[in-house]
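Tertiary structure, described
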Amino acid sequence: MKRLFFTVVAMLSMTLAFAENENMNSVNNAEAYNLSVNMNQLSKALNLANDQIEAVAEIHKTFCSEMMFATQYGKEERDARVNAAIRKDLGYMNYVLNHNQYKKYVMLLNVTMSNRGLK
């Protein structure tokens, strides 16, 4: 009887440890997709004009929302949604930024995505 009790306790504790790791992975995963940035630093890095700052802020806000929304899906669907969000973001930024600003933005986005482990 003791042996059965200890076996059940051991199985439950292993199950709880596994579930805890899954929860931690999903939390870390969600944090990786949080791509919000300091807009003052971004505007300085890209040398944005006053009218560009507001547009870039709105585009980036939408991009961050779409990235966080993608975390609610499984791997394949998440990857598709992330790629769609990136394409949409780059399309809007290409419209707002000049050629040099856009090149620098793409570089910053690629570095950020790589640092977060998303590429």
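Summary of the structure given here. (Residues numbered from 1 in each chain as written. Predicted model: local features only at pLDDT ≥ 70, side-chain atom pairs only at ≥ 80, totals over all residues. Heavy atoms only, no water.)

Tallying secondary structure elements over the protein gives 5 helices and 0 strands in all. Of the regular secondary structure in the protein, the N- to C-terminal order runs α-α-α-α-α. Sorting the 119 residues of the protein into buried and exposed places 24% on the buried side. Here the contacts in the protein between residues at least 6 apart in sequence split such that 62% fall between residues at least 24 apart. By element, 57% of the accessible surface of the protein is carried by carbon and sulfur atoms, the whole surface being about 8,600 Å². (Helix = DSSP H or I, 4+ residues; strand = E, 2+ residues; numbered from the N terminus. Buried < 20%, exposed > 50% of the residue type's maximum accessible area, 1.4 Å probe, protein only. Contact = heavy atoms within 4.5 Å. Areas by Shrake-Rupley, 256 points an atom, 1.4 Å probe, with all protein chains shown as cover.)

Of note, D89 is situated in helix 4 (residues 75–96). For the buried residue D89, which engages in no salt bridge, the nearest side chain bearing the opposite charge is K88, 9.7 Å off. Those residues in contact with D89 that lie beyond four places of it in its chain are I59, F63, Y105 and L109. (Lys, Arg positive; Asp, Glu negative; His and termini not counted. Salt bridge = Lys/Arg side-chain N within 4 Å of Asp/Glu carboxyl O.)

Turning to the pattern of salt bridges, a few remarks are in order. Applying the stated criterion to the full structure yields 3 salt bridges. Measuring nitrogen to oxygen at the nearest pair gives 3.0 Å for the salt bridge that ties D79 to K75. Placement of the pair is D79 and K75 together in helix 4, with a separation of 4 residues, close to one helical turn. The salt bridge partner of R81 is E77, with a shortest N-O separation of 3.1 Å. Here R81 pairs with E77, and both are found in helix 4, just 4 residues apart, close to one helical turn. Here R81 falls in the partly exposed class, since its relative accessible area comes to 31%.

Attention shifts here to the nonpolar core. Core analysis: the largest hydrophobic core is formed by 20 residues, its most contacted members being L97 and Y105. Residue assignment for this core shows that the elements contributing at least two residues are helix 2 (39–46), helix 3 (50–70), helix 4 and helix 5 (99–115). Those residues in contact with Y105 that sit more than four places away from it in its chain are L42, L46, H60, D89, L90, M93 and L97. (Core = buried A, V, L, I, M, F, W, Y, C linked by side-chain atoms within 4.5 Å.)

In short, geometric facts, not functional conclusions.
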